[in-house]
Amino acid sequence: MLMAVVMAVTVFAVSNLSFVSGDEVTIVVFYIRTLVDFAGVLILSVQHEQLREAALHSELAAMDNVLHRQYEQYKQSKENIRLINRRYHELKMQIAAIRAERDKVKQDAALAEMEGDIHRYEAENKTGNPVLDTLLTAKSMYCQQHGINLTCVADGFALNVTVTNTGKAAGKEVVQAYLQNPYTEYDCANRIEKPAVELVGFAKTDILQPGESQTVKIDVDKSALKVFDAYGAGTYILEAGDYYLTAASNAHEAAKNILAAKGAEVDGNAAMTALYNQAQTDTRTFATAETGAAVTAQLADGDIATYDADFTYLSRSDWSGTWPTTYQNGSWEAPEAVLTALEITRPEDESAEMPAFDKAGNLKLCDLIGADYDDARWETLLSQMSKKDTYNLIRHAGYGTMAVESIGAPGTVHKDGPAGISSTLAGGNLHCMAYEPAVVLASTYNVELASRRGKLVGEDSLSSGVQVWYAPAMNIHRAANSGRNFEYYAEDPLLSGVFGAAETAGFQSKGGIVTIKHFAFNDQETNRIGGAMFVNEQAARQLYLKPFEMSVVDGGAVGIMSGMNRIGCRWIGGHEGIMTNILRGEWGYKGFVITDQTSFNSFDYCDIREGLAAGNDLWLNTAYNMWALNDSELTATVMQNARTAAHRYLYAVANSNAMNGVDADTTVKNIIPAWQYTYVALVVFVAVMWFFGFKAVRALWASKRYLAKKAERKAKRAAKKAAKANKA
């Protein structure tokens, strides 16, 4: 402090003493400089004091936080000691009772029971993962304290594979786990199809030097064994029979390993194969989703067999007899059932009541950051919105959404595309990173890379002010020449799902919102606008929906983009079985669904009333006149659905980086930027100039005609006079 004072005096002396002597003006300058210097010193002193107080407050808060945590740890330790002492006392009593027991059989039974308790404890609390062990132990003690039964379920298979680099160069290796399901008579009778092998897991080693080894672990959940029985049980089943698991470098090697394990003379490694036998067919375990919803058939109307009873899918039970040919020779006269199914439906609930709008209130969207989707305050917040704002929020969501002043909801910016945030389609002069296509990323089998790429695009989201990313894309490579395969990860549903979930979680960790696309069955570009995609439900669930399910359940996606295509005869966004029963019922999805492009009349089939009723929430529309319903069409049913859609979207926004810097004191307003005023003025100027210019041209043209006629009349009069003179 003393040094600071000395420096201040020295600086003052050097800079001001030259003004002490001199004329009156110099003396005045000296007084002014002296006053300014002292004021500056005073301000710096006050600022220094404030900084010191802020530092003290910060230190006190940190100390308080540490002490609070230590106190919580102390209480937990105290409770643990109490439970241990109680258990110690019980063990003493048990040991004393066992020693006193003279019946050897009962004594052994009591000891066996104690050993069983120890084994159960180890099974529940000794997983080999120290973090998980700590959590399980804490949960176990909490449950003991409150009389709650704790059940830990882990059902599946673990493959531990040691990889050795036998080459001369350093490198990595991918270990792939494959499964072969039993192919049974029941499958043939009920049209269930199963591949020879399917990918159920994978792991990639670190860089291994020549001669170096590493053991990788692949966990395979038992749910990987289930199949969807579309024409029989109408749900997932786990069939009785032998299941083979093998580790291999690719599918061909996996098939050979399993054949070798079955005794065939092939170039396979039977030692790399494990056998699991399911004693009885299980039709119950996987018939209920983790959400508690019943898993039932939802897509019969997307199956061509529903409309053509003679249609037969390719089946391994009869390769030659079911080998596909061009359907109906390429020309099919649609039956009446198809024409009826193509009609748009707009369900109306006669008992629906119009939601409340324009209610007075001070609740803002920022007040619900972190709130549960079912928090009662959402209804209060949504009731503060006007009817117009509610409907326009969902119908005008092309590349962004408007701000809602009544609830303090900021406007958002949306951008394509799967290789990074792009300004190509919607402009914006953004400067974001371009990344490799998704198919290249998935070819690495490096899930960490997908997570890191998602985070990096998330950083672009923060720097560019783009909150909603129209990506990642995860349709299946059904054919090698599909027009947008470069945007999609792979031909395999598991590989697509793992990478989709990782990239989704990475991006959203930065507060951005994904819209995983194109949901679903958009696996071709030709005729994708309104194209009718027919698929049976087993293929739909096990192949085409799987990546989306994993990105929702494992990746936590809060945004989805529905496709332009139909599933069967129904536009995908208007299909309640997909949008509500599967997506929200079975998968527990809480986010929103936005359409693909719907700004033109060619997208009339993406009907907003049908879509809202089915579970689609936003329309990627930039046209003023598209989806503009009149007041009589905005019925109680439509507005109830619109209210739900607004809830889903605002729930995602409230927990995104769109709220960065937004608090209770923030004022949100919709404004017209200066360039729009300039544009309007220019349009008016051009219109005025055109109008008056047209008038002037007409006047000039009229005056020329008038003068010409006048000259003509004058000439005629002169001619008459000349004629009279000649006669005279």
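Residues numbered from 1 in each chain as written. Predicted model: local features only at pLDDT ≥ 70, side-chain atom pairs only at ≥ 80, totals over all residues. Heavy atoms only, no water.

A.B. asks: So what about the overall build of the chain? Which residues, and what values?
C.D. replies: From N to C terminus, the chain includes 19 helices and 19 strands. Restricting to contacts in the chain with at least 6 residues of sequence separation, those with at least 24 account for 72%. Counting every atom, the chain has about 41200 Å² of accessible surface; 57% of that belongs to carbon and sulfur. (Helix = DSSP H or I, 4+ residues; strand = E, 2+ residues; numbered from the N terminus. Contact = heavy atoms within 4.5 Å. Areas by Shrake-Rupley, 256 points an atom, 1.4 Å probe, with all protein chains shown as cover.)

A.B. asks: How would you sum up the packing of aromatic side chains? Please name residues and give values.
C.D. replies: Each aromatic ring pair is summarised here by two numbers: the centre-to-centre distance and the angle between the ring planes. Enumeration over the complete set of coordinates arrives at 19 aromatic pairs. Here the aromatic rings of Tyr307 and Phe534 are separated by 6.0 Å at their centres, their planes lie at 75 degrees, and the arrangement is edge-to-face. One end of the pair, Tyr307, is in the loop between strand 8 (273-278) and helix 7 (319-322); the other, Phe534, is in the loop between strand 14 (532-533) and helix 14 (537-544), with 227 residues separating them in the sequence. Under the relative-accessibility criterion, Tyr307 is labelled buried at 17%. Note on Phe534: relative accessible area 28%, which makes it partly exposed. For the ring pair Phe592 and Tyr649, a centre distance of 5.0 Å and an interplane angle of 85 degrees mean the geometry is edge-to-face. Highlighted residues: Phe592 in strand 18 (residues 592-597) and Tyr649 in helix 18 (residues 636-654), separated in sequence by 57 residues. Overall, Phe592 belongs to the buried group, its relative accessible area being 0%. The structure contains a cluster of three or more aromatic residues connected by ring pairs, namely Phe311, Tyr313, Tyr327 and Trp332. Across from the ring centre of Tyr236, 4.2 Å away, lies the NZ or CZ of Lys226, which sits over that ring. If you follow Arg316 out to its NZ or CZ, it ends over the ring of Tyr183, 4.2 Å from the centre. (Phe/Tyr/Trp six-rings, centres within 6.5 Å; stacked < 30°, edge-to-face > 60°. Buried < 20%, exposed > 50% of the residue type's maximum accessible area, 1.4 Å probe, protein only. Lys NZ or Arg CZ within 6 Å of the ring centre and 35° of its normal.)

A.B. asks: Go over the pattern of salt bridges, please, and point to the residues and values.
C.D. replies: All told, the structure shown has 24 salt bridges when counted by the stated rule. A salt bridge links Asp155 to Lys222; the shortest N-O distance between them is 3.8 Å. Separated by 67 residues along the polypeptide, Asp155 in the loop between helix 4 (130-146) and strand 1 (156-164) and Lys222 in the loop between strand 4 (213-221) and strand 5 (227-229) bring together distant segments of the chain. Residues Asp607 and Arg346 are paired through a salt bridge, measuring 2.7 Å at the closest nitrogen-oxygen approach. Remark: Arg346 occurs in the loop between helix 8 (336-341) and helix 9 (377-383) and Asp607 occurs in the loop between strand 18 and helix 17 (608-614); sequence separation between them is 261 residues. Owing to a relative accessible area of 44%, Arg346 belongs among the partly exposed residues under this scheme. (Salt bridge = Lys/Arg side-chain N within 4 Å of Asp/Glu carboxyl O.)

A.B. asks: Any chance you could break down a nonpolar patch on the surface for me, citing the residues and the numbers?
C.D. replies: A contiguous nonpolar surface patch, about 940 Å² in accessible area, is contributed by Tyr679, Val680, Val683, Val684, Val688, Trp690, Phe691, Phe692 and Phe694. Mapped onto the elements, Val683 comes out in helix 19 (residues 674-727). Its relative accessible area of 41% is what places Val683 among the partly exposed residues. (Patch = residues over 30% accessible without salt bridge, like charges linked within 9 Å, V, L, I, M, F, W, Y side chains within 5 Å.)

A.B. asks: Describe the side chain of His575, naming the residues involved and giving the relevant values.
C.D. replies: Within the element layout of this structure, His575 appears in the loop between strand 17 (570-571) and helix 16 (576-586). At 2.9 Å, the side chain of His575 forms a polar contact with the side chain of Asp301. The contacts of His575, once residues within four sequence positions are left out, are Gln298, Leu299, Asp301, Ile567, Arg570 and Ala614. (Polar contact = N/O pair within 3.5 Å; in protein donor to acceptor, adjacent residues only side chain to side chain.)

A.B. asks: Pulling in residues and values, what's your account of unusual backbone geometry?
C.D. replies: Here Ala471 and Pro472 are connected by a cis peptide whose omega angle stands at -5 degrees. Residue Ala520 follows Phe519 across a cis peptide bond; omega there is -5 degrees. Tracing the sequence through the fold places Ala520 in the loop between strand 13 (516-519) and strand 14. A positive phi angle, close to 60 degrees, is found at Asp358, a residue other than glycine. Even without being glycine, Trp627 reaches a positive phi, approximately 65 degrees.

A.B. asks: Run through the packing of helix 12 (residues 447-464) against helix 13 (residues 493-508), naming residues and quoting values.
C.D. replies: Here helix 12 crosses helix 13 at 35 degrees, and the two axes come no closer than 7 Å. Considering how the two elements wind past one another, helix 12 and helix 13 form a crossing that is right-handed. Touching Val447, Ala450, Ser451, Arg453, Gly454, Lys455, Val457, Gly458 and Ser461 of helix 12 are Val498, Phe499, Ala502, Glu503, Gly506 and Phe507, all from helix 13. When grouped by side-chain class, the residues that make up the contact of helix 12 with helix 13 number seven nonpolar, five polar and three charged. (Axes fitted to C-alpha atoms, helices over the stretch in contact; angles between N-to-C directions. Left-handed = near helix turned anticlockwise from the far one by under 90°. Nonpolar A, V, L, I, M, F, W, Y, C, P; charged D, E, K, R; others polar.)

A.B. asks: Describe in detail the sheet that holds strand 19 (residues 618-620), supporting the description with residues and values.
C.D. replies: Strand order in the open sheet formed by four strands is 13-15-18-19, with parallel pairing between adjacent strands. Where the open sheet ends on each side, the last strands, each with one partner, are strand 13 and strand 19. Each adjacent strand pair in this sheet contributes to an overall mean axis angle of 30 degrees, direction not counted. Pairing of strand 18 with strand 19, which is carried by two bridges, proceeds in the parallel orientation. Bridged to Ile594 within strand 19 is Leu618. This element, helix 15 (residues 546-553), spans strand 13 and strand 15 (559-562) of the sheet and lies at about 145 degrees to strand 13. (Pairing = 2+ DSSP bridges.)

A.B. asks: So what's going on with the environment of Ala539? Residues and values would help.
C.D. replies: When you line up the elements, Ala539 lands in helix 14. Ala539 gets classed as buried once you look at its relative accessible area, which sits at 19%. Through-space distance from the C-alpha of Ala539 to that of Ile192 is 9.5 Å; in sequence the pair is 347 residues apart.

A.B. asks: Could you give me a rundown of the sheet that holds strand 2 (residues 174-180), with the residues and numbers involved?
C.D. replies: An order of 3-2-7-8 is seen for the four strands of this open sheet, with the pairing classed as antiparallel. Edge positions in the open sheet fall to strand 3 (198-204) and strand 8, since each of these has one partner strand only. Within the sheet, the average angular offset between the axes of one strand and its neighbour, ignoring direction, is 20 degrees. Sheet analysis places strand 2 next to strand 3, joined by six bridges and oriented antiparallel. Opposite Val175, over in strand 3, you have Ala203 as the bridge partner.

A.B. asks: Kindly report on the side chain of Arg541, identifying the contributing residues and their values.
C.D. replies: The topology assignment puts Arg541 in helix 14. For Arg541, a relative accessible area of 4% gives the class buried. One polar contact links the side chain of Arg541 to the main-chain carbonyl oxygen of Thr296, over a distance of 3.1 Å. There is a polar contact of 2.9 Å between the side chain of Arg541 and the side chain of Glu586. When sequence neighbours within four positions are dropped, the list of residues in contact with Arg541 reads Phe228, Tyr236, Val295, Thr296, Gln298, Lys546, Ile582 and Glu586.

A.B. asks: Help me get a handle on the packing of helix 13 against helix 15, residues and values and all.
C.D. replies: Where helix 13 contacts helix 15, the axes come no closer than 8 Å and their chain directions differ by 30 degrees. As judged from the angle between their axes, helix 13 and helix 15 are roughly parallel. You can see that helix 13 and helix 15 cross each other, and the crossing is right-handed. Two secondary-structure elements touch here, helix 13 through Pro493, Leu494, Ser496, Gly497, Val498, Gly500, Ala501 and Thr504 and helix 15 through Lys546, Pro547, Met550 and Ser551. (Parallel < 35°, antiparallel > 145°, perpendicular 65-115°, else oblique.)

A.B. asks: Can you explain the pairing of strand 18? Please cite residues and give values.
C.D. replies: Of all the six residues making up strand 18, six are buried; the element is thus mostly covered by neighbouring parts of the structure. Bridge analysis of strand 15 against strand 18 gives three bridges, and the strand direction is parallel. By the bridge assignment, Ile560 is partnered in strand 18 with Val593. As a crossover connection, the stretch from strand 18 through helix 17 into strand 19 is right-handed. (Right-handed = clockwise from strand over helix to strand, strands pointing away.)

A.B. asks: How would you summarise helix 10 (residues 387-395) if you had to cite specific residues and measurements?
C.D. replies: The complete set of buried residues in helix 10 reads Thr390, Tyr391, Asn392, Leu393, Ile394 and Arg395. Buried residues belonging to helix 10 abut strand 9 (400-401), helix 17, strand 19 and helix 18.

Such coordinate-based values are descriptive only and should not be taken to indicate function.
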